[in-house]
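Below are the chains, spelled out letter by letter.
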Amino acid sequence: MVPISYYLILSGLLFSIGTAGVFLRRNVITLLLSVEVMLNAVNLSFVAFGRQFGTVDGQIITFFVMTVAAAEAAVGLAIVIALFRHRESLSPEAFTNLKW
Amino acid sequence: MAFDLLLFYLFAAITVGGSLLVVAQRNPIYSVVSIVVAFCGLSGLYVLLEAPFVAVVQIIIYAGAILVLFLFTVMLLNATREDGAEWDRSHPYYRPGPTRVGGVLAVVLLGQLGWAISRMTDLSAGVGEAAPAASSVRLLGRVLFTDYVFAFEVTSILIIAGMVGAVVLAGKKGN
Amino acid sequence: MLETLMWPLRPPQNWWVAYATLIGVIFMALQLSAAVMVYFERKVSAWMQQRYGPWLVGPMGLLQPIADIVKLFFKEELQPKAADKLLFSLAPIISVAACFVAFAPVPFGATTTFFGWLDEPIALQIADLNVGVLAFFAVSSVGVYGIVLAGWASNSKYALLGGLRSSAQMISYELAYGMALATIVLLAGSMSFREIVDAQAGYYFGLIPRWNVFVVFPFGLIAFLLFFTAGVAETNRAPFDFPEAEQELVAGYHTEYSSMRFAMFFMAEYINMVTVSAVAVNLFLGGWHGPFLSPAYGWIWFLIKLAVLLFIYLWLRWTLPRVRYDQLMSLGWKVLLPVATVNLLIVAAGVIAFGL
């Protein structure tokens, strides 16, 4: 039997890896990928808790998180494309000036 | 019993390895391929948690649709190299040293999460020993459309808004 | 000595031996089916064009696939200098692995004890998943990566264009594909392949088989046509094979591939065809149920129906002209998707109203 703490520690570890990715990466697309890693870590802990208490609510919340992540990835990538068209760069530092 | 634990370690290793590769790769295409591998490992973990529908939906939606979108964007923008050398030399704060402190912050976050988990009371109880699994797709559908129907409808509006937003933002100017 | 040799054939371990043999047989059968399809494609296309096709190599040209495979073995393995080495090798592996794994939940016969040799019956299927239909769909979605990575890793404009077009086509047609699957899942009330096929046993009025094509006439038939059309588009076969059209794009995403890697893409395309046809037979045409034969021989009916669908695949390729890419995409989004949605809604309303 796998104790639930193992799943939660794994979820925390994935969340921290995603956070490290958001802080350290200098490419906005990989930044969005790290955000996806964080969202999946949260999904894992939802499903683990749902299984612990024997309800399906954990899995249902997972569907909503996945859907929101999909919408957010689509809009985020559209923004990245619009930014790239303007500045020809994918580094977050290229967009530090408030002036367009 | 030990087989469960072995499978857990295997899928956890795949997931953590894939996620570390996402963060550590230079090439964004390799990052996307690593995250696909990580999501497949995560799907295996969902199967271990007796949620087969979520496992399959994870592959269909994440690995099959969202990450393909990421891959298209990386290819069309030709983002092969991370421009790590493009530091603004005149800026006093944006140097490679101070900006790498984010890694330390992530480790601090991990410590905080570990501390929070260790304050849980019933840690050594195996997953699923408290209550039986309840995960038929029929039950999922019933709960989704009765208890969570409002969230379901709002999510559909969110998706339409996202679609329209993506088309408008990424479309050509003067359209 | 004979005793130890006979040990694997006795219960209870002979179940595992049978299972391992079954997996090996399915694996080899899928690869052989690719070779058989190559032969029949050339023969059938030749007969449709009133010529003979391969007839020199072996009797009636039956050894032609072997000659093709030997030729592919001995070709030089080329790799463009600026190609991405890891992804160039990885892409055909992903394609082939996805198409083999996609065949895992698909059954091709009733549970059998091999005429009493086994104590407990074994299902003629690698894995009877309770979400089998969705698992098949999920793994076909992952097969897109092989194509798009092949297009990118070749570092050539024709390959990149072909790869992007092909993967955009595949993910567009997955919507109608998935909705047709959802219609069947709704009618059968389960996502396991075995239960869907078992719900198609029996006859209406003793005459018309209770297959899903005939169930809620005509909506089952519409779902079958949608599924098959989307399947043809998914496997990049004519008339939807614009991304690998020889006249327009050299060879699309596998332009820069040669020898064994090309053979893997080639094999992956044919095995995908076989898998889509096998799933269509199971979901819509009643699987292994048929008249006159007892269920233990159901796999013969399965093979017959599979052969009919594969013949239709070849027929479509050599009869219809190629669909232009923008017409192809508008067909997928503007025609197939609304038809699939309306079909699903009507079938869902019917299931609620009549309690099917």
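Residues numbered from 1 in each chain as written. Chains lettered and ligands numbered in written order. Predicted model: local features only at pLDDT ≥ 70, side-chain atom pairs only at ≥ 80, totals over all residues.

### Brief notes about the overall build of chain B
Here's step 1: Along chain B, the regular secondary structure elements total seven helices and zero strands.
Here's step 2: Traced from its N-terminal end to its C-terminal end, chain B shows the element sequence α-α-α-α-α-α-α.
Here's step 3: By residue count, 30% of the 175 residues in chain B fall in the buried class. (Helix = DSSP H or I, 4+ residues; strand = E, 2+ residues; numbered from the N terminus. Buried ≥ 20, exposed ≤ 12 C-beta atoms within 10 Å, placed from the backbone.)

### A few points about the overall build of chain A
Here's step 1: The helix and strand inventory of chain A stands at three helices and zero strands.
Here's step 2: When the elements of chain A are put in sequence order from the N terminus, they spell out α-α-α.
Here's step 3: Here the C-alpha atoms of chain A give a radius of gyration of 17 Å, more than 25% beyond the 13 Å that 2.2 N^0.38 yields for 100 residues.
Here's step 4: Along the first, second and third principal axes, the C-alpha atoms of chain A reach 55 × 25 × 20 Å.
Here's step 5: Sorting the 100 residues of chain A into buried and exposed places 54% on the buried side. (Rg over C-alpha atoms; globule rule 2.2 N^0.38 Å.)

### What about the nonpolar core?
Here's step 1: The biggest cluster of nonpolar side chains holds 168 residues, and the ones touching the most others in it are B:V32, B:V56, B:L67, C:A180, C:F227 and C:A280.
Here's step 2: When residues no more than four places from it in sequence are discounted, the contact partners of B:V56 are C:V131, C:L134, C:A135 and C:A138. (Core = buried A, V, L, I, M, F, W, Y, C linked by C-beta atoms within 7 Å. Contact = placed C-beta atoms within 7 Å.)

### A few points about the interface of chain B and chain C
Here's step 1: On the side of chain C, 17 residues touch chain B, which itself brings 15 residues to the contact.
Here's step 2: Listing elements by their share of the side of chain B that touches chain C, those giving two or more residues are α2 (28-48) and α3 (52-76) of chain B.
Here's step 3: With twelve residues, α3(B) is the single largest residue contributor to the side of chain B that touches chain C.

### A short note on the packing of α3(B) against helix α7 (residues 157-188) of chain C
Here's step 1: Here α3(B) crosses α7(C) at 155 degrees, and the two axes come no closer than 12 Å. Taken together, the axis directions place α3(B) and α7(C) in an arrangement best described as roughly antiparallel. Read as a crossing pair, α3(B) and α7(C) show a hand that is left-handed. The residues of α7(C) that touch α3(B), namely those facing B:A65, B:V68, B:F72 and B:M75, are C:L164, C:S167 and C:I171.
Here's step 2: Looking at the contact of α3(B) with α7(C), its residues break down into six nonpolar, one polar and no charged. (Axes fitted to C-alpha atoms, helices over the stretch in contact; angles between N-to-C directions. Parallel < 35°, antiparallel > 145°, perpendicular 65-115°, else oblique. Left-handed = near helix turned anticlockwise from the far one by under 90°. Nonpolar A, V, L, I, M, F, W, Y, C, P; charged D, E, K, R; others polar.)

### Some details on the confidence of the model for chain A
Here's step 1: Taken over all residues, the pLDDT of chain A has a mean of 88, while the share at 70 or more is 98%.
Here's step 2: Within chain A, the element-level pLDDT minimum falls on helix α1 (residues 4-24) of chain A, averaging 90, and the maximum on helix α2 (residues 28-53) of chain A, averaging 92. (pLDDT = per-residue confidence, 0-100.)

### A look at the packing of helix α6 (residues 144-153) of chain C against α7(C)
All names here are of chain C.
Here's step 1: At a minimum axis distance of 7 Å, the contact between α6 and α7 shows a crossing angle of 160 degrees. One element, α6, and the other, α7, form an angle in the roughly antiparallel class. Note on packing geometry: the crossing formed by α6 with α7 is left-handed. Each of V144, I147, V148, A150, G151 and W152 in α6 lies in contact with α7, whose residues at this interface are A159, L160, G162, G163, L164, S166, S167, M170 and I171.
Here's step 2: The residue inventory of the contact of α6 with α7, partitioned by class, reads ten nonpolar, five polar and no charged.

### So, the interface of chain A and chain B
Here's step 1: Listed by partner, the interface residues are 64 residues for chain A and 76 residues for chain B.
Here's step 2: The leading source of residues in the side of chain A that touches chain B is helix α3 (residues 57-87) of chain A, at 20 residues.
Here's step 3: Class assignment of the residues belonging to the side of chain A that touches chain B gives a composition of 42 nonpolar, 17 polar and five charged.

### Quick look at the arrangement of the chains
Here's step 1: Across the two pairs of chains that are in contact, the largest number of contacts falls between chains A and B.
Here's step 2: Without any contact between them, chain A and chain C keep their closest C-alpha atoms 15 Å apart.

### What about the environment of A:L24?
Residue and element names in this part refer to chain A.
Here's step 1: Within the secondary structure layout, L24 lies in helix α1.
Here's step 2: Residue classification places L24 among the partly exposed residues on the basis of 19 C-beta atoms within 10 Å.
Here's step 3: A sequence separation of twelve residues divides L24 from G12, and the C-alpha atoms of the two residues are 18 Å apart.

### A look at the environment of C:A230
All names here are of chain C.
Here's step 1: Inspection of the secondary structure puts A230 in helix α9 (residues 219-234).
Here's step 2: On the basis of neighbour counts, which here come to 27 C-beta atoms within 10 Å, the residue A230 falls in the buried class.
Here's step 3: Along the chain, A230 and S45 lie 185 residues apart, while their C-alpha atoms are 22 Å from each other.

### What about unusual backbone geometry?
Negative phi characterises most residues that are not glycine, and trans characterises most peptide bonds.
All names here are of chain C.
Here's step 1: Phi at Q50 is positive, roughly 60 degrees, even though this residue is not glycine.
Here's step 2: Relative to the helices and strands, Q50 resides in the loop between α2 (14-48) and α3 (64-74).
Here's step 3: A count of 6 C-beta atoms within 10 Å places Q50 in the exposed class.
Here's step 4: Residue M60 is not a glycine yet carries a positive backbone phi of 60 degrees.
Here's step 5: Mapped onto the fold, M60 is located in the loop between α2 and α3.

### Concerning α2(A)
Residue and element names in this part refer to chain A.
Here's step 1: Its 26 residues place the ends of α2 38 Å apart at the C-alpha level, agreeing with the 38 Å of an ideal helix rising 1.5 Å per residue.
Here's step 2: Within α2, 19 of the 26 residues are buried, which leaves it mostly tucked inside the rest of the structure.
Here's step 3: Looking one or two residues past α2, G54 carries a phi angle of roughly 75 degrees, positive in sign. (Expected span 1.5 Å × (residues − 1).)

### Some words on the confidence of the model for chain B
Residues and elements named next belong to chain B.
Here's step 1: This prediction gives chain B a mean pLDDT of 82; 77% of its residues lie at or above 70.
Here's step 2: Highest mean pLDDT in chain B belongs to α2 (93); lowest belongs to helix α4 (residues 96-99) (62).
Here's step 3: Scored as a whole, the predicted complex attains pTM 0.89, and scored at its interfaces, ipTM 0.90.

### Things to note about the environment of A:L39
All names here are of chain A.
Here's step 1: Here L39 lies in helix α2.
Here's step 2: On the basis of neighbour counts, which here come to 19 C-beta atoms within 10 Å, the residue L39 falls in the partly exposed class.
Here's step 3: The spatial distance from the C-alpha of L39 to the C-alpha of N27 is 19 Å, given a sequence separation of twelve residues.
Here's step 4: Apart from the residues lying within four places of it in its own chain, the contact partners of L39 are V65 and A69.

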